[in-house]
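# Remarks on the overall topology
Below are the chains, spelled out letter by letter.
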Amino acid sequence: MKNILILGGGFGGLQTARKISKCIKRRKLTELYRIILVDKNTYHTFTPTLYETATTTDLVASNSQLKRIVAFSIKEILDGLPVEIVTGVVTEIDLIGGEIKFETGTALRCDWLVLALGSQVNYFNIPGMLEHALPLKTFTDALRIREKIVECEEGEDKPALRVIIGGGGPTGVELAGEIKNLLRGLPRIFGGDCSEQVMIIDGGPSVISNFSPRIVRYAQKRLTKLGVVTLAGKRIQQVDDKQVILQSGEKIPFDVLIWTGGVAPNHLMNTLQLKKDQSGTRILVTPEMVCLPEPDDLSLATRVYGIGDAISFIDPKTGKPTPGVARAAINQGRVVAHNILQEIFAEQELIRTVRAEQYHPINYPYILPIGGKYAIAKFGPILFTGFFAWVVKGAVEFNYLLSIFKITRAVKYWLMGFWIFIRNDNLG
Ligand SMILES: Cc1cc2nc3c(=O)[nH]c(=O)nc-3n(C[C@H](O)[C@H](O)[C@H](O)COP(=O)(O)OP(=O)(O)OC[C@H]3O[C@@H](n4cnc5c(N)ncnc54)[C@H](O)[C@@H]3O)c2cc1C
């Protein structure tokens, strides 16, 4: 029996597992090929709604209610498919021996390996940031943020609650808008006259500075309207438990500090003898999503594929890496599934020649929600903003749920999320 090992049950890993397993089941090859999906969690994190989770009070939804709509059970997603789910933290990947090892000391052999381990928060070694800032990357991060904000708000009389968000990328911007939304509703809950300051600090020339100038203008206008202060072109040099210190020497006090300033590939990727990109930090893949050994003559025990945030794919048209978005990880997962299935079919003499598929990046559409029922959406050349973009965001999320769940479950989870997040809305 041969093992197809998929590391990571995120957007990319799940797509690969679902596609391969459906085909293996249809072709009645389950006795010959074992598909194993490994994740440290029992759930798949639906990151697009993490900002809502981080800003929903427990009067609106309990932790377990939020978990049901943001952290989907991997077992439920793979229900009925021939995929073995292994829950454990991978600590070592031995590409030469063809084995992965777990924190517990156990190991798993692999004949095909798919690296879909995603990314982790990058603190850029800013002194004090790791110790004093809350990140927003996981479901538990989101819960910590909501607890911290409510705890500060419940505390003794303060002139104002000061929230600083380090990093004005999409995550920082959507979170800032929604924190304003949350804080606006808190006086109704706790009473008193709560005033608040939400500030984004970013080292770039503006918030979301790698987006087009028109989108930056829309985003900035919306943030200003909501009362979010943006401090662009300012680098955070150091952080302590009360204040951030900018490179200019300016000191800005905070009650809550959140860091959304960057991500880096999963640290395990650095340990692998695989080809890296020019920066020497990200693992490169071929258009077939294959990782190559470094040095060239290193003999790997297995064919290694890499997808999603964990790797770097350079778009041949632009010369730039594809962005770390869910849709890219999903598309890459499909390519990998196709290519592994081709190798399996060739091995079983079901086909004569392997026809490998290549990944072609596209201009990924995006929707950026900024506080309440407002979003900025871009689909190809079409840009639209406001309530309609927010509605489209809901439709896109529902479409993803439909792709991983049976229709009844997709409808149930989407409606539960809609009901919770709409009740939490204080901006309109
Ligand atoms: C707050 C936030 C909001 C976002 N919003 C959007 C959005 O609206 N639209 C969009 O397209 N993208 C969004 N993204 C980006 C998107 O989430 C990523 O691009 C996507 O998750 C990448 O998919 P992946 O499969 O590569 O990795 P992930 O989905 O991150 O999956 C990696 C998996 O590996 C597991 N894992 C990691 N280390 C180990 C280990 N050592 N052992 C075992 N398992 C391990 C993790 O538990 C995880 O399940 C957002 C990201 C964040 C943080």
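Residues numbered from 1 in each chain as written. Predicted model: local features only at pLDDT ≥ 70, side-chain atom pairs only at ≥ 80, totals over all residues.

All right, on to the environment of Tyr 33 then. As for its position among the elements, Tyr 33 is in strand β2 (residues 33-39). Taking the number of C-beta atoms within 10 Å as the measure of exposure, Tyr 33 has 22 and is therefore buried. Considering only alpha carbons, one finds Tyr 33 and Arg 352, 319 residues apart in sequence, at a separation of 19 Å. For Tyr 33, the residues in contact, after removing those within four places along its chain, are Lys 2, Ile 4, Ile 24 and Ile 344. (Helix = DSSP H or I, 4+ residues; strand = E, 2+ residues; numbered from the N terminus. Buried ≥ 20, exposed ≤ 12 C-beta atoms within 10 Å, placed from the backbone. Contact = placed C-beta atoms within 7 Å.)

We now examine helix α3 (residues 63-70). What α3 keeps buried is the set Leu 66, Ile 69 and Val 70. Each buried residue of α3 sits inside an arc of 90° when the element is viewed along its axis, so together they form one side. Packed against the buried residues of α3 are β3 (43-45), α2 (50-53), β4 (71-73), α6 (139-154) and α11 (407-423). (Arc of directions from axis to C-beta.)

Next up on the list: the site of the ligand. Neighbouring the ligand are 31 residues; Gly 8, Gly 10, Gly 12, Gly 118 and Gly 308 lie closest to it. Counting residues per element, the ones that place at least two in the shell around the ligand are α1 (11-26), β2 and α9 (326-347). Class assignment of the residues belonging to the shell around the ligand gives a composition of 14 nonpolar, 12 polar and five charged. (Near = placed C-beta within 6 Å. Nonpolar A, V, L, I, M, F, W, Y, C, P; charged D, E, K, R; others polar.)

What follows covers the sheet that holds strand β8 (residues 107-109). Read from one edge to the other, the open sheet built from three strands follows the order β6-β7-β8, with strand pairing classed as antiparallel. Single-partner strands in this sheet number two, and they are β6 (90-94) and β8. Sheet twist, expressed as the average angle between the axes of neighbouring strands with direction ignored, equals 20°. Pairing of strand β7 (residues 99-102) with β8 involves three bridges; the strand directions are antiparallel. By the bridge assignment for β8, Glu 99 is matched with Arg 109. (Pairing = 2+ DSSP bridges. Axes fitted to C-alpha atoms, helices over the stretch in contact; angles between N-to-C directions.)

Core analysis: the largest hydrophobic core is formed by 109 residues, its most contacted members being Leu 5, Leu 7, Val 114, Leu 115 and Ala 219. Considering every element that reaches this core, the biggest residue donor is α9, with nine residues. The two domains that each donate at least three residues to this core are domain 1 (2-40 + 88-121 + 264-347) and domain 2 (129-261 + 365-423). Ignoring anything within four residues of it in the chain, the contact list for Leu 7 reads Gly 13, Val 38, Val 90, Ile 100, Val 114, Leu 115, Ala 116 and Leu 117. (Core = buried A, V, L, I, M, F, W, Y, C linked by C-beta atoms within 7 Å. Domains from an automatic or database assignment.)

Moving on, we get to the sheet that holds strand β23 (residues 366-369). In spatial order, the strands read β23-β24-β25; together these three strands make up an open sheet with antiparallel pairing. Among the strands making up the open sheet, the edge pair consists of β23 and β25 (382-386). With strand direction ignored, the average angle separating the axes of adjacent strands in the sheet is 10°. Running over the sheet, helix α8 (residues 213-226) touches β23, β24 (375-379) and β25 and is turned about 165° from β24.

Before going further, it helps to examine the domain arrangement of the chain. If you check the domain split of the chain, you get domain 1 (2-40 + 88-121 + 264-347) and domain 2 (129-261 + 365-423). A separation of 32 Å is found between the C-alpha centroids of domain 1 and domain 2.

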